[in-house]
Amino acid sequence: MRAWPKQVQIREVGPRDGLQNEDPVPTEAKIQLIDALSATGLQRIEAVSFVHPRAIPQMADADEVWAGIKRHPDIRYSALVPNVRGAQRALAAGFTEIEVVVSASDTHNHRNINRSTEESLADIAELVTLLHAANASAEVIIATSFGCPFEGDVPPERVASIVDSAVAAGADRVAFGDTTGMATPRRVVDVIGAVRENHPDLPLLCHFHNTRGTGLANIMAAMELGITEFDASVGGLGGCPYAPGATGNVATEEVVHMLHDMGIDTGVDLDRLVEVAALAQEIVGRELPSGVLRAGPRYRTIA
């Protein structure tokens, strides 16, 4: 019998990655959502991003959201930044876990932050130095790790090379973003295998979308390779604003539902999480794609 990990840690990204793809949500509703997520047992929440409001107006109230939530002492809250200026804002707000994104695809990187992949990598060393000087950690998220909607397949060797550069710049950890849902279990194995050749002990996290229905299968493939940290988004909120049709992060409650049935601990109260998914659906005013939200957990019976 396969030996699955005993524990898996989930980083909830709905408040940032999820809501940035919706019509602007009132600040009070964002605070309500984060506070509700904080009461589910989640250990990590990506709360906001510090980007220019012209680029992503949905995140223009990042400071107000962060100031308004009830911070749980046992939860690691993080913020996403696009550059050094964003990192300065995140540090000023009090964040100690900060993520920066670079795309494996040049075209997507240009669409996302108007610069080449190499230009972004050149800035990461300065950004990491800034964060470490402030006793903050730096996570480099590699978007389009498993494929690009503009360029097609991304060679695993290219992703591995970007990891090499990020580690050389001082990154504390690396995440692989399936930005437009192009990952399959085979491609997960190829990418992680290529990276592990040079970095066997580097902390890795995977961020999968369920755009083409492979999200949970990809998590299974990554767990077989020893990955125990994953992003997920309540209700299945999310996508990529620069890639039309790339909707749908893996739903947090679907991931928790599967892992718990496998005997893997997440620390999350699934029933509470489903309630929060219903709240998220109410906040955005549309039906969310989560099957567990729609049908309920498998242990619920009809009265």
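Within any chain, residue numbers begin from 1 and follow the written order of that chain's sequence. The model is predicted, so local features are restricted to residues of pLDDT at least 70 and side-chain atom pairs to those at 80 or more, both for listing and for counting; the totals for chains, interfaces and linings are taken over all residues. As a convention, hydrogens and water are excluded, and side-chain values are obtained from all of the structure's heavy atoms.

**Focus on the environment of Leu202**
A run of DSSP states H or I qualifies as a helix once it reaches four residues; a run of E qualifies as a strand once it reaches two. Both are numbered from the N-terminal end. Structurally, Leu202 is set in the loop between helix 8 (185-196) and strand 7 (204-207). Residue class for Leu202 comes out buried when judged on its relative accessible area of 12%. Residues Leu202 and Ala171, spaced 31 residues apart in sequence, show a C-alpha to C-alpha distance of 9.7 Å. Working rule for contacts: check all heavy atoms of both residues, and any pair within 4.5 Å makes them a contact. Beyond its immediate stretch of four places on either side in the chain, Leu202 contacts Val163, Val167, Asp172, Arg173, Val174 and Arg196. Burial classification: accessible surface area is computed with a 1.4 Å probe over protein chains only, and a residue below 20% of its type maximum counts as buried, one above 50% as exposed, and the rest as partly exposed.

**Examining the pattern of salt bridges**
We define a salt bridge as a side-chain nitrogen of Lys or Arg found within 4 Å of a carboxyl oxygen belonging to Asp or Glu. For the coordinates displayed, the defined rule picks out 20 salt bridges. When the shortest N-O distance is used, the salt bridge between Arg16 and Glu46 registers 2.9 Å. Taken together, the residues span a long stretch of sequence, with Arg16 in helix 1 (residues 14-18) and Glu46 in strand 2 (residues 44-49) at a distance of 30 residues. Here Arg16 falls in the buried class, since its relative accessible area comes to 7%. Judged by its relative accessible area of 1%, Glu46 falls in the buried class.

**A look at helix 8**
One fewer than the residue count of a helix, multiplied by 1.5 Å, yields its expected span. Its 12 residues give helix 8 an end-to-end C-alpha distance of 16 Å, which sits within 8% of 16 Å, the value for a rise of 1.5 Å per residue. Turning to helix 8, its buried residues are Val188, Val191, Ile192, Ala194 and Val195. Buried residues of helix 8, seen end-on, are gathered within an arc of 160° and therefore sit on one face of the element. Think of it as the arc spanned by the lines of direction from the helix axis to the C-beta atoms.

**So, the environment of Pro73**
Topologically, Pro73 is positioned in the loop between helix 3 (62-68) and strand 3 (76-81). Along the backbone, Pro73 and Ser38 are 35 residues apart, and their C-alpha atoms lie at a distance of 9.9 Å.

**Let's talk about the nonpolar core**
Formed by 91 residues in total, the largest nonpolar core has its most connected members in Phe50, Phe95, Ile142, Phe176, Phe208, Phe230 and Val234. The element that contributes the greatest number of residues to this core is helix 11 (residues 270-284), accounting for 7 residues. The contacts of Ile142, once residues within four sequence positions are left out, are Val102, Ala104, Val159, Ile162, Val163, Val174, Ala175, Phe176 and Gly177. Only buried Ala, Val, Leu, Ile, Met, Phe, Trp, Tyr and Cys residues count toward a nonpolar core, and they belong to the same one when joined by side-chain atoms within 4.5 Å. Formed by 6 residues, the second largest nonpolar core is a distinct cluster that contains Val101, Ile141, Ala143 and Ala175.

**Side note on the packing of aromatic side chains**
Between the rings of Phe, Tyr and Trp (Trp by its six-membered ring), a pair exists once the centres lie within 6.5 Å; its type follows the angle of the planes, with under 30 degrees stacked, over 60 edge-to-face, and the other angles tilted. All chains considered together, the criterion is met by 4 aromatic pairs. Summarising the aromatic geometry, the rings of Phe50 and Phe95 are spaced 5.8 Å apart at their centres and angled 75° between planes, so their arrangement reads as edge-to-face. Here Phe50 is found in the loop between strand 2 and helix 3, whereas its partner Phe95 is found in the loop between helix 4 (84-93) and strand 4 (97-103), with 45 residues between them in sequence. The same class applies to Phe50 and to Phe95, which are both buried. Seen from their ring centres, Trp66 and Tyr77 are 5.7 Å apart, and the 65° between their planes marks the pair as edge-to-face. Here the residue Trp66 occupies a position in helix 3, and Tyr77 occupies one in strand 3, the gap between them amounting to 11 residues. Comparing Trp66 with Tyr77 shows no difference in burial state: the two are buried. Taken together, the ring pairs connect Phe50, Trp66, Tyr77 and Phe95 into an aromatic cluster.

**Side note on the packing of helix 2 (residues 27-38) against helix 11**
Relative orientation of the contacting elements helix 2 and helix 11 amounts to 170°, with a least axis distance of 10 Å. In terms of orientation, helix 2 and helix 11 fall into the roughly antiparallel class. In contact with Ala29, Gln32, Leu33, Ala36 and Leu37 of helix 2, helix 11 contributes Leu273, Val276, Leu279, Ala280 and Ile283. When residues are grouped by polarity, Ala, Val, Leu, Ile, Met, Phe, Trp, Tyr, Cys and Pro land in nonpolar, Asp, Glu, Lys and Arg in charged, and all others, Gly among them, in polar. Taken together, the residues of the contact of helix 2 with helix 11 sort by class into 9 nonpolar, 1 polar and no charged. Only C-alpha atoms enter the line fits that serve as axes; for helices the fit covers just the stretch in contact. Angles between N-to-C directions range over 0 to 180 degrees. When an angle is under 35 degrees it counts as roughly parallel; over 145 it counts as roughly antiparallel; between 65 and 115 it counts as roughly perpendicular; any other value is oblique.

As far as function goes, none of this settles anything; it's purely spatial.
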